[in-house]
Amino acid sequence: MRTKLSQFNFELPEELIAKYPAKERDESRLMVVHRDTGKIEHKTFKDIIDYYDAEDTFIFNNTKVFPARMYGNKEKTGARIEVFLLRELNAENRLWDVLVDPARKIRIGNKLFFGEDDSLVAEVIDNTTSRGRTLRFLFDGSYEAFREKLIELGETPLPKALNREVEPIDKERYQTIFAKNEGAVAAPTAGLHFSKHLLKRLEIKGVHLPEVTLHVGLGTFNPVEVEDLSKHKMDSEEIEILEGAADVINRGISEKRRVCAVGTTAMRTIESSVSSSGTLNDYAGWTNKFIFPPYDFSIANSMITNFHTPKSTLLMMVSAFAGHDFMKEAYEIAVKEKYRFYTYGDAMLII
């Protein structure tokens, strides 16, 4: 049976999209769904510790969001242009893959100026997609100084769907507390619910906390535009699984412990590097893995995830993990109980 896009549509009232995070990270609501019994419980996020024991494992994505959204002015006209940094193509030549908005005004050869004092200039050297451009940044100074300048001029890349300006709170809260490896343009949202205190409590309980990396790209927000899901192409994203992390995770698998993927990005990372014997291999490279039902998961036997928007690839993955009908039921309850959806919303634990 072919899985179709329309199966993942549901009515999501606009007011359920959370514009701001919960007051405390670990005090958002938590829906716990039990795949074996069909039981659904309503908890607070910090209660998650009650479902895990010593020697169980949580797998975190330690990517770090960089301030990817910048605003520049076009030479001559001074028009304000949003430049969204996607990824660095070449450090030496300061070449970046970006999106520009409004795109129709930005052509090859145009120059953009950034900062009050125009201390950073970029030249458009290629068109990649309708909104995509390759920019060469012109800057007097070392590479380190250039990267510092980007951070100074950029702002937190808050998702457009939140429909609000970036505020000081976002700098801290649109980043997990364990973020280490810079490279994401969107936060791995399931990880946002973990506070320092909760991580400490998990550690004291003897739960293992290995980390993997997936640099979340904007593709995570791309709408699926084909009814036949087997035809949808995911953007490639860079991942890294170190040997030490793989060893800890594999021990959990062999000892039949509870192994939890914290978020769809952690899940995609580990499912992108499975050995023929169903264990995790270390790996550094790219993945464009698209997980939708039916799908057999090899590594994790539980997962934490936020509440996702209709027709999103994220909803498709959690449906593959929990079962399509069960997920439909859980989401109907979430809407009825007014759970908060999306980036800054509440969480679900699937066990």
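Scroll up to find the structure.
It should be emphasised that the depicted structure is a prediction, and the values quoted were computed from it without experimental measurement.

**Some points on the sheet that holds strand β12 (residues 211–214)**
Strand order in the open sheet made by the nine strands is β2-β1-β17-β16-β14-β3-β12-β13-β15, with mixed pairing throughout. Only two strands of the sheet have a single partner each, and these edge strands are β2 (40–44) and β15 (283–287). Within this sheet the neighbouring strands show an average axis-to-axis angle of 20°, counted without direction. Of the pairings in the sheet, the one linking strand β16 (residues 302–306) to strand β17 (residues 347–350) comprises four bridges and is antiparallel in character. Counted as the bridge partner of Thr305 is Met348 from β17. Strands β1 (29–33), β2, β16 and β17 of the sheet are contacted by helix α7 (residues 324–336), whose axis makes an angle of about 150° with β1.

**Description of the pairing of strand β5 (residues 69–74)**
Pairing of β5 with strand β6 (residues 80–90), which is carried by five bridges, proceeds in the antiparallel orientation. Paired with Arg69 across the bridge in β6 is Phe84. Count of turn residues in the β5/β6 antiparallel hairpin: five residues, of which Lys76 carries a positive phi of about 70°. Pairing between β5 and strand β8 (residues 111–114): three bridges, direction antiparallel. Its bridge partner being in β8, Lys74 is matched across the sheet by Leu112.

**Topic: the side chain of Lys149**
Along the polypeptide, Lys149 turns up in helix α1 (residues 143–153). The exposure class of Lys149 is buried, given its relative accessible area of 12%. Engagement of the side chain of Lys149 in a polar contact is seen with the side chain of Ser119, the distance being 2.9 Å. If near-sequence neighbours (up to four positions away) are discounted, Lys149 is found in contact with Ser119, Leu120 and Phe139.

**Some remarks on the sheet that holds β6**
The strand order around the closed barrel formed by six strands is β5-β6-β7-β10-β9-β8, and the pairing between neighbours is antiparallel. Strand-to-strand, the axes of this sheet are offset by a mean angle of 45°, without reference to chain direction. Judged from the six bridges that link them, strand β9 (residues 120–127) and strand β10 (residues 132–138) form a sheet pairing that is antiparallel. The residue of β10 that forms the bridge with Asn127 is Arg133. Contacts between α1 and the sheet are confined to β5, β6, β7 (95–101), β8, β9 and β10, with β9 contributing the most and set at about 90° to the helix.

**Regarding helix α3 (residues 196–205)**
Buried within α3 we find Leu198, Leu199 and Leu202. Projected onto a plane normal to the axis of α3, the buried residues spread over an arc of 100° and lie on a single side. Exposed and facing more than 90 degrees away from the buried side of α3 are Lys196, His197 and Ile204. Those residues of α3 that are buried lie in contact with β3 (57–61). One or two steps after α3, the chain reaches Gly206, where phi turns positive at roughly 95°.

**Structural notes on helix α4 (residues 243–254)**
Look at α4: 16 Å from first C-alpha to last across twelve residues, which is about the 16 Å you get at 1.5 Å a residue. Within the sequence span of α4, burial applies to Ala245, Ala246, Ile249, Asn250 and Gly252. Buried residues of α4, seen end-on, are gathered within an arc of 155° and therefore sit on one face of the element. Relative to its buried face, α4 has exposed residues pointing more than 90 degrees away, namely Glu243 and Ser254. The elements touched by buried residues of α4 are β3, β12, β13 (237–241) and β14 (259–262). Positive backbone phi, at 55°, marks Lys256, one or two positions downstream of α4.

The rules behind these values
Throughout this description, residue numbers start from 1 for each chain and increase along the sequence as written. Local features in this predicted model are restricted to residues whose pLDDT is 70 or higher, and side-chain atom pairs enter the listing and the counts only when it is 80 or higher, whereas totals over whole chains, interfaces and linings include all residues. To obtain the side-chain values, all non-hydrogen atoms of the structure were used and water was disregarded. Should DSSP find at least two bridges between two strands, the strands are taken to pair. Put simply, DSSP H or I for four residues or longer makes a helix, DSSP E for two residues or longer makes a strand, and each gets a number counted from the N terminus. Only the contacting stretch of a helix is used when fitting its axis, a line to C-alpha atoms as for every element, and angles between N-to-C directions run 0 to 180 degrees. For this analysis, residues touch if any pair of their heavy atoms sits within 4.5 Å. Each residue is placed in one exposure class: buried if its accessible area under a 1.4 Å probe, protein chains only, is under 20% of its type's maximum, exposed if it is over 50%, and partly exposed if it falls in between. Polar contacts, as used here, are pairs of N or O atoms within 3.5 Å; protein pairs need one atom able to donate a hydrogen and one able to accept it. Residues neighboring in sequence count only if both atoms are side-chain atoms. Throughout, the arc means that of the directions going from the helix axis to the C-beta atoms. The span you would expect from a helix comes to 1.5 Å times its residue count less one.

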